[in-house]
Amino acid sequence: MEVKTSLLDNMIGVGDMVLLEPLSEDSFIENLRNRFDHNEIYTYIGSVVISMNPYRALPIYTPEKVEEYRNRNFYELSPHIYALADEAYRSLRDQDKDQCILITGESGAGKTEASKLVMSYVAAVCGKGQEVNKVKEQLLQSNPVLEAFGNAKTVRNDNSSRFGKYMDIEFDFKGDPLGGVISNYLLEKSRVVKQPRGERNFHVFYQLLSGASEDTLKKLKLHRDFSKYNYLSLDSAAVNGLDDAANFRTVKNAMQIVGFMEDEVKSVLELVAAVLKLGNIEFKPESRCNGTDESRIKDKNDLKEMCELLGIEQSVLERAFSYRTVEAKQEKVSTTLNVAQAYYARDALAKNLYSRLFSWLVTRINESIKAQTKARHKVMGVLDIYGFEIFEDNSFEQFIINYCNEKLQQIFIELTLREEQEEYVREGIEWTNIEYFNNAIICDLIENHQNGILAMLDEECLRPGTVTDETFLDKLNTICAGHQHFESRHSKNSKFLTDHSLPHNCFRIQHYAGKVLYRAEGFVDKNNDLLYRDMSQAMYKAKHSLIKQLFPEGNPAKVNLKRPPTAGFQFKASVGTLMRNLLTKNPNYIRCIKPNDKKASHIFTDTLVCHQVRYLGLMENVRVRRAGYAFRQAYEACLERYKMLCKRTWPHWRGPAREGVEVLMVDLQVPADDFSYGRSKIFIRNPRTLFSLEERRRQCLQDLASLIQKIYRGWKCRSHFLLLKKSQIVVSAWYRRYAQQKKYQKIKSATTVVQSYTRGWQARKLLRELKYQKRCEEAVTTIAAFWHGTQARRELRRLKEEAGRKNAVALIWAYWQGLKVRRDYRKFFRANAGKKIYDFTIQRIMQKYFLGLKSTSPSMSPVDKSWPARPYRFLDGAHAELRKIFHHWRCKKFRSQFTEEKKAVYEEKLEASEIFKDKKALYPSSVSQPFRGDYLEITKNPKYQKLNSSVDAKVLLADVVNKINRANGKGTARIFLLTKKGVVLADQKTGQVKASVPLPDLASVSVSTQSDGFFALKLKEGSASAIKGDFLLSSERLIEIITKLHLTGAADSERLNIDISDEFLVQFNHDKVCVKFVQGAAKNGNGASCKRKNNRLLEVSVPTSA
């Protein structure tokens, strides 16, 4: 079940200032401080968000936070900028209401970051898709580009926006972004030529010098050293936490994503470089003969480089810095410029060049991010503009900025009151007029068409004659002296004559945020914002394509003698357009406040925050919201939050939510004057009533929590007891089972022992009986045996005595006969003794010889020619015969190990030896190389699949050879195939058959005696293959090719004739050419080379080292 939350839950301080009690400026500031100290940087005033700059990263912008605030009620969670962004987005998507988000605050308050957070949240919650993601990425990446060209480091902020920005983001009916339009207001172009101490020029100048490559800087004629450029402030060129080089790469990448072309980026950087070069142009005075002073450029090098960048003739721009042409009707008057006027013209050109470049960038970005479809779109506007500014020295810029804030305050009050009134009418509650300070009188003082300050300033600028800031101030003193919000020492109002806090050259306006003192000095010049026509025309003559777009008034064909509109007039028109645009949309407000001037976290300066609270009109906003009903809430949410305070509504109310709230209010005895019932909401007038309800709810929740804890603890204890009881029963059962098992095992063991003893006694008893019976039987047998033995021995002795008597006679006779024979044959034994001894000796020698051969016989290798020496000369014949027999036997054993393929290889090697040994110098190097045959793997290689299919016989050899051209002696690579039927030559690249020669058509093969690879295939005259003549080929594997050719021809019972000679004839078409081989030096490290000598001779040069 989803957990219901509220703004009032776990609240630090007061989350909504409308509920602050008591309401005062001190309590307001204290509430902000309390929340800021607890990292709560967002606070509401109704639907307005107050944002405090924390000056550090907080973990409150994660994707999880985005999902937490997605599709949630505005007051459902703690205050956050995501809540406002989600409310605006859902109103636009679901209710088809155009929205605008107004972000205001002084420099450093976090306006730019707030606008980024709003855009990133909308990008995260809207639809997905390739095209949608591209649009979102372009909208988000427009920020780095505009920040680089429109932001600068100030004493209050390291990334201060020096222009106002209003972006309209366009959505389709599904809420997916389609594009956007950006409007810029009042770029602080005076910063280009001069920056206050401790501040920098616009970021892009420093980013370009720090991050551009050396090649880019060389093309732009720039140096990395900031000190070489007068327009760059040196005391704060480096800023902690800003990496200008990395930011430059980010800006270039962002421009690419937004849609800038490479040449456009190049043109923009050239104009930025031109502005830097422009600041280095210096002038010196020079007197003319008529006594007038004119200016001259000191060093023309920077002028020359600037003119080269922009494609302007140097003389044209040099004249524009020295002369000014004034046209009146049909007359032209040319006057010289003194040094001060020349510097003014230079700075005016730099300011106009940069501001127009910035406007062009905005226009170019709009072209890329605008919606492509022309159908009606839903629009969400985001306004990021200067807050109210009150400095020690306030000039024209602060005047028109504060004028803009007066208009925004006016529309804020009007729209807030209108929103309140519409809600009251919608809910059926009586509307009562609310008293508030209406600043329309201040706006009228500034913008009135006749007597307004801007109108008088324009009138003074257009008036002929001497016009100064003093004349403008005199005019103000005359016309505005009676205005209650205008103060001056020279006005007719006597109470200011002695006001020493008001200088004579200043005037003071009492704005809604407080009194602001303006110095009149510079008002006229800044409002004029005059650029001499000569400068515009010089810029228009530039060959740079972008310059012509920036200065269209310089076109001589379109000369306009009307004075251009003043800066005040243009800004007033822009503000009017902006106000009309905002009035058509539903407003959402973000008020940004910076807690301190040190840009440090955890520091809260009361006076600074109080100053901002005043000029942002936040107290006035709270009073307007509290003038009617301070708090309102839907009946369902109210009943869900407070239903536990009444027994009739707790825990469930079955009827309509309004009736439940009515029952609740009656039961709580809330006074009827403190609330009202609307159609869908209850309105509570006093915050004390709400806090009383919250206190009762808090106490009730504590009671409910105690009750829940009591019930839970009781349930937990009962569950624990039942678990212990169940466990005790289980343990008892298991123990009783165990005890019975042990008892059973003990009885069983005792029974087994008794049984074993009994069986042992019975077995031993039986054994004794069997042994006694066996001994009795054995005794009888033994007695019988002894008796029979005695009888047998007696008979044996008798027989031995009888046999002894018979054998004695035979033995004596035998000895007698032996003696007689030895006497008769003694003489014959002595005569044959020598021959027998000789035969015996020879027999022993032969036996020893053969046994020796067994241990000294050579290895089984057929090439082993060793054989043991013979021991005696009479064994020569036998020794040689045995050696021959042993060699034949081991050769037979060696041959028996060969496979059929190996036998074929050795046969080929033997055949090659018979053909080429001692005849061809290339032969020795081929002996160690095995004959592989198919070197191209023609059957496996898909490249030669077609060629393989065209050959209808088995391929015996496939290799690449060079076919020699008789015209020039150069070789052409050909595939050489040898099959059982013939020879095929094919193209190496395409595999197309070029020639096919059957084996019967081959007459002979000719080769040289040297180490080259040339051979000629000679064809039989009259054969079909001999039409084009013989083939002269070259190959590193000549020995293998000729050997296989010879063997293949022999298999067909017709051996091929091999002619080995250093000079032979080859038939080419109808001519016979002599091929001659000579020895020479190697050329370029190559082998043999063929060269045509004449029509009848081809000479092959073979290196001597080959």
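Position labels on residues start from 1 in each chain and follow its written sequence. With pLDDT at 70 or above as the cut-off, local features in this predicted model cover only qualifying residues; side-chain atom pairs require 80 or more to be listed or tallied, and sums for whole chains, interfaces and linings still use all residues. Only heavy atoms go into the side-chain values, all of them from the structure, while hydrogens and water stay out.

### Looking at the nonpolar core
For soluble globular proteins, the rule of thumb is that nonpolar side chains tend to be buried together.
Link 1 in the chain: Among buried residues, those of type Ala, Val, Leu, Ile, Met, Phe, Trp, Tyr and Cys that are joined through side-chain atoms within 4.5 Å constitute a nonpolar core. When accessible area is computed with a 1.4 Å probe and restricted to protein chains, residues below 20% of their type maximum are described as buried, those above 50% as exposed, and intermediate ones as partly exposed. Core analysis: the biggest nonpolar cluster contains 209 residues, and Phe28, Phe149, Phe205, Leu317, Phe321, Leu349 and Leu582 have the highest contact counts within it.
Link 2 in the chain: Numbering of helices and strands runs from the N terminus, with a helix taken as a DSSP run of H or I at least four residues long and a strand as a DSSP run of E at least two residues long. Counting residues per element, this core draws most heavily on helix α12 (residues 339-369), at 14 residues.
Link 3 in the chain: Those residues in contact with Leu317 that sit more than four places away from it in its chain are Leu303, Met306, Cys307, Ile312, Leu349, Met535, Ala538 and Met539.
Link 4 in the chain: With 30 residues, the next largest nonpolar core counts Ile915, Phe916, Leu922 and Val1007 among its residues. Contacts are assigned to residue pairs that have any heavy atoms within 4.5 Å of one another.

### A few points about the pattern of salt bridges
Link 1 in the chain: Each reported salt bridge corresponds to a side-chain nitrogen of Lys or Arg within 4 Å of a carboxyl oxygen of Asp or Glu. As enumerated under the stated definition, the model contains 42 salt bridges in all.
Link 2 in the chain: As a salt-bridge pair, Arg90 and Glu87 come within 3.2 Å of each other at their nearest N and O atoms. Remark: Glu87 and Arg90 occur in helix α3 (residues 81-95); sequence separation between them is three residues, near one turn of the helix.
Link 3 in the chain: The class of Glu87 is partly exposed, set by a relative accessible area of 29%.
Link 4 in the chain: Among the salt bridges present, the one from Glu795 reaches Arg798, with a minimum N-O distance of 2.2 Å. Placement of the pair is Glu795 and Arg798 together in helix α25 (residues 687-831), with a separation of three residues, close to one helical turn.
Link 5 in the chain: What makes Glu795 partly exposed here is its relative accessible area of 37%.
Link 6 in the chain: On the basis of relative accessibility, which here comes to 43%, the residue Arg798 falls in the partly exposed class.
Link 7 in the chain: Overlapping salt bridges bring together Arg162, Glu188, Arg191 and Glu199 as one network.

### Considering the sheet that holds strand β19 (residues 681-684)
Strand pairing in a sheet is mediated by backbone hydrogen bonds. Such pairs are either parallel or antiparallel.
Link 1 in the chain: Paired strands, as defined in this entry, are two strands with at least two bridges between them according to DSSP. Here three strands make up an open sheet; going across it, the order is β17-β19-β18 and the pairing antiparallel. Edge strands, defined here as strands with exactly one partner in the open sheet, are β17 (631-634) and β18 (675-677). Pairs of neighbouring strands in the sheet enclose a mean axial angle of 20°, with direction left out of account.
Link 2 in the chain: Note: β18 against β19, three bridges, orientation antiparallel. To obtain each axis, a line is fitted to C-alpha atoms, and for helices this fit is confined to the stretch in contact; angles are then taken between N-to-C directions over 0 to 180 degrees.

### Points about the packing of aromatic side chains
The description of an aromatic ring pair rests on the distance of the ring centres and on the angle between the ring planes.
Link 1 in the chain: Classification of ring pairs uses Phe, Tyr and Trp, with its six-membered ring standing for Trp, and accepts pairs whose centres are within 6.5 Å; under 30 degrees between planes counts as stacked, over 60 as edge-to-face, and the remaining range as tilted. One pass over the structure, following the stated rule, counts 27 aromatic pairs.
Link 2 in the chain: Judged by centre distance (5.0 Å) and plane angle (20°), the rings of Phe202 and Tyr354 are stacked. Here the residue Phe202 occupies a position in the loop between β7 (177-185) and α6 (203-211), and Tyr354 occupies one in helix α12, the gap between them amounting to 152 residues.
Link 3 in the chain: By relative accessible area, which is 1% here, Tyr354 ends up buried.
Link 4 in the chain: Put simply, the rings of Phe396, Phe399, Phe472, Phe486, Phe507, Tyr518 and Phe523 pair up and form one aromatic cluster.
Link 5 in the chain: Lying over the aromatic face of Tyr540, Lys548 brings its terminal NZ or CZ to 4.4 Å of the ring centre. We count a charge as sitting over a ring when the NZ of a lysine or the CZ of an arginine lies within 6 Å of the ring centre and within 35 degrees of the ring normal.

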